[in-house]
Structure formats: C-alpha cells, structure tokens
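# Topology and contacts: notes
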Amino acid sequence: MSEGSTVLPTGIPGPVPSPDGLDAPYWEATRRHELVAQRCRACGGWQWYAEWICHRCHSFDLGFEPVPGPAILFSWERAHHPVHPALRDAGPYVVVLVEFPEADGIRMLGNLAGDPMQAVEIGARVEPVFEDHDEGAIPFTLVQWRRG
Ligand SMILES: [Zn+2]
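Cut-offs used in this document
Residues numbered from 1 in each chain as written. Predicted model: local features only at pLDDT ≥ 70, side-chain atom pairs only at ≥ 80, totals over all residues. Helix = DSSP H or I, 4+ residues; strand = E, 2+ residues; numbered from the N terminus. Rg over C-alpha atoms; globule rule 2.2 N^0.38 Å. Buried ≥ 20, exposed ≤ 12 C-beta atoms within 10 Å, placed from the backbone. Pairing = 2+ DSSP bridges. Contact = placed C-beta atoms within 7 Å. Arc of directions from axis to C-beta. Core = buried A, V, L, I, M, F, W, Y, C linked by C-beta atoms within 7 Å.

## Considerations on the overall build of the protein chain
Of the regular secondary structure elements, the protein chain holds one helix and eight strands. Going from the N terminus to the C terminus, the protein chain shows its helices and strands as α-β-β-β-β-β-β-β-β. On C-alpha atoms alone, the protein chain measures out to a radius of gyration of 16 Å, which is about the 15 Å that the 2.2 N^0.38 rule sets for 148 residues. Its C-alpha atoms give the protein chain principal-axis dimensions of about 45 × 40 × 25 Å.

What follows is the structure, given as structure tokens:
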C-alpha cells in the first residue's frame, strides 16, 4: 500500500514477533509481500498460528510454505467503538476473519482495506494487501485484506 493509506493508525503498537523465533518466517515473508503459514512436513497439514508441534500428527518437523488460495471471507465485524486511544478518529473499521479452504481451513485475522462502510459479504473472495510500516525502529509488514 502507498504511504498514508494504511489501515493501521499511527499510535497503535506494532506487532512483535515471538521472542523464541517461532513465527519469524511469517514476518520475514510479509516483508517480501508473501503470505506463508505453517505446514507439517510429516503429514502435510496446515496450521495457523504457528506452534512447535503439529496439531494432527504431533510431529516437530514443521516448516512454512506459501498459502494456497482462494482466501474466503469467513466472518467480519464493523467496529465503531475505539478499543485504543489511537483509534479514536480511525473508526469505523472492518475486522475480517479469512479462511483458506485449500489449506485445511486455516484462518487469519486482519482488516478489510478500503471504504470502511463498503458492503461486506461472507463467502466473498479476498486477497492480501501487504501494508509496510518502515517508520519504526523495527520495520514490519501487516497483512490486510481487500475484495478479490
Ligand atoms: Zn503433522
């Protein structure tokens, strides 16, 4: 996204990768504008958020791979009340839960970019929007969503 059009308002604390490095491959991929999730090398199952062990087969042999589409809007909410002082003038905004049916139905949270009053339809295809934040000491990239 271009500067000034980010969904994340100034003043909201940025995400912090896990200190144990578990989700570092995800954050590194977002910097390259790639969406990855954890996949078990033993059974092929997908999972999100990242964990040290496979939920299905209990293997510790996990990696990160690009998440296959489509991405489907599973649920959403249009938030009108600020939950943080920095959001006082940022509302309303749309929070979405996005599902990947080709990746074992893993789901990811984010915001729906664009007009906060746009029509939102469960089941609609969405695509990731990589929102770069280079302004802080530790640059990061958020994954937001837009209608596909
Ligand atoms: Zn497994």
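## As for the pairing of strand 5 (residues 93–100)
Side chains of strand 5 alternate between two faces, with Val94, Val96, Val98 and Phe100 buried and Tyr93, Val95, Leu97 and Glu99 left unburied. Relative to strand 5, strand 4 (residues 71–79) is paired through seven bridges, and the arrangement is antiparallel. In the sheet register, tryptophan 76 faces strand 5, and the bridge partner there is valine 96. By the bridge criterion, six bridges tie strand 5 to strand 6 (residues 106–111) in an arrangement that is antiparallel. Paired with valine 98 across the strands is methionine 108, a residue of strand 6. The antiparallel pairing of strand 5 with strand 6 creates a hairpin that spans five residues between the two strands, and aspartate 104 there sits at a positive phi of about 60°.

## Observations regarding the environment of alanine 71
As for its position among the elements, alanine 71 is in strand 4. Given 25 C-beta atoms within 10 Å, alanine 71 falls into the buried group. Counting along the chain gives 41 residues from alanine 71 to threonine 30, while the straight-line C-alpha distance between them is 16 Å. Excluding its chain neighbours within four sequence positions, the residues that come into contact with alanine 71 are Val98, Phe100, Arg125, Val126 and Glu127.

## Let's talk about helix 1 (residues 24–31)
If you check which residues of helix 1 are buried, you get Tyr26, Ala29 and Thr30. Mapping the buried residues of helix 1 onto a view down its axis gives an arc of 100°, with all of them on the same face. Structurally, helix 1 contributes buried residues whose contacts are with strand 1 (36–40), strand 3 (62–66), strand 7 (125–133) and strand 8 (140–147). A positive phi of about 60° marks histidine 33, the residue just after helix 1.

## Description of the nonpolar core
Counting residues in hydrophobic clusters, the biggest one holds 17 residues, and the most contacted among them are Val96, Val98, Val126 and Trp145. At the level of secondary structure, the elements contributing two or more residues to this core comprise strand 4, strand 5 and strand 7.

## Side note on the sheet that holds strand 1
Read across the sheet, three strands follow the order 2-1-3 without closing on themselves; strand pairing throughout is antiparallel. Pairing within the sheet leaves two strands with one partner each, and these edge strands are strand 2 (46–47) and strand 3. Bridge analysis of strand 1 against strand 3 gives five bridges, and the strand direction is antiparallel. What sits directly across from arginine 39, in strand 3, is glycine 63.

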